[in-house]
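Take a look at the letters that make up each chain.
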Amino acid sequence: MQQEHSEGHHVVPVRTYLIIFGALMVLAVVTVAVSYVNLGVLNNFIALAIAISKAVLIMAFFMHLKYSNKLTLLVALMGFFWLIIFFAITMGDYLARGSIPGDLGPQSVFAPWM
Amino acid sequence: MAHKAGVVAPYFHDLDQQREVNTLGMWAFLATEVMFFGGLFVAYVVYRFAYPEAFYEGSHELNVILGGINTFILLGSSLTMALAVHSAQTDAKKKLIIFLILTIILGLIFLVIKGFEYYEKFDHHLVPGPDFEWHSSHGNQVQLFISLYFATTGLHAIHMIIGIGVLFYFLIRATMGAYNSLNYDPVENMGLYWHFVDIAWVFIFPLYYLLERYMTL
């Protein structure tokens, strides 16, 4: 059968999908296991690092970014780039204030019934 | 090969360009979805910085076993979705149908488990509002955490419901033989949406369920 060879027509082998799935499951188990160990601040970094790794694996192989053209890759990465801007400016604002968001104590307007 | 010819819209050069543009359009939409969920994640980060203890306390109330099972289920559904795309690409109609059905089933199981988790919250007086009961002084901030939990997982669940609905449509079309090696980009793009919803959960799970879990031992 004539195989078209063009940019968008890459067929990822099933074996690749299975290997990546295995890696994702392992990472899922690791992330739960590590959360039960007290590593202080490191817990957050590891949890985020594992989550980002899983996201990268899913995007590269399941979502075929590894086999797509550069324009698609650019648009995909731009989404996360804008998210980083969102985080950076918002946190920059809040952290630069004298104190973080208002007091949510007993008399707060958020929970007048308390 | 004529009977398998994919239809190319007149404004495209060829099938490949059409396919690439379709995929690019889906990615553009997913970029907006990243910002959609992103808003809730930013809110989470702001309030976690503000009230860390309340967030740890609230996190301990979430069912890590059910959350963990749901993580495995979603990862599995991503695999079946990828295999569905593969089946469409290789003209394997029966496999395509099977994998679409499996993806739907896994998605439904996820929603059932999620529904049970929500029920647990109502049952344990953990739903923000007049019925909320809390043992420590951080009650209001814990309500904030759980509000964010409901908003984020609720938004995620809505995406799942819509995804499952659309998957049914694809299933019906697949049984009618609509997808083949020349016309698989609809399935591919559905896959992109489904994988995105999976990625959202990949971040939701550790951020909400796994905060200071070692304290619960």
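Residues numbered from 1 in each chain as written. Chains lettered and ligands numbered in written order. Predicted model: local features only at pLDDT ≥ 70, side-chain atom pairs only at ≥ 80, totals over all residues. Heavy atoms only, no water.

Draft legend 1. Main features of the interface of chain B and chain A. Each partner contributes residues to the interface: chain B has 62 residues there, and chain A has 65 residues. Carbon and sulfur atoms supply 75% of the area that chain B and chain A bury against each other, a total of about 5,300 Å² over both sides. Area buried by chain B at its contact with chain A is led by Trp27, Asn140 and Tyr214 of chain B, which between them contribute 13% of it. Viewed at the interface, chain A and chain B are joined by zero salt bridges. Counting across the interface, chain B meets chain A through eight residue pairs in polar contact (both at pLDDT 80 or more). Counting only elements with at least two residues in the side of chain B that touches chain A, the list comes to α1 (15-50), α3 (64-89), α5 (139-175) and α6 (185-209) of chain B. Per-element tally for the side of chain B that touches chain A: the top contributor is α1 of chain B, with 21 residues. Residues belonging to the side of chain B that touches chain A are distributed by class as follows: 36 nonpolar, 16 polar and ten charged. (Contact = heavy atoms within 4.5 Å. Buried area = accessible area lost by both parts, 1.4 Å probe. Salt bridge = Lys/Arg side-chain N within 4 Å of Asp/Glu carboxyl O. Polar contact = N/O pair within 3.5 Å; in protein donor to acceptor, adjacent residues only side chain to side chain. Helix = DSSP H or I, 4+ residues; strand = E, 2+ residues; numbered from the N terminus. Nonpolar A, V, L, I, M, F, W, Y, C, P; charged D, E, K, R; others polar.)

Draft legend 2. Main features of the confidence of the model for chain A. Residue and element names in this part refer to chain A. Averaged over all residues, the pLDDT of chain A is 82; the fraction at 70 or higher stands at 77%. Mean pLDDT per element in chain A: helix α3 (residues 70-95) is the minimum at 91, and helix α1 (residues 14-35) is the maximum at 95. Across residues 1-7, where pLDDT falls below 50, the model places 13 contacts with residues more than four positions away in sequence or in other chains. Between residues 103-114, whose pLDDT stays under 50, and residues either more than four places distant or in other chains, the model counts 19 contacts. (pLDDT = per-residue confidence, 0-100.)

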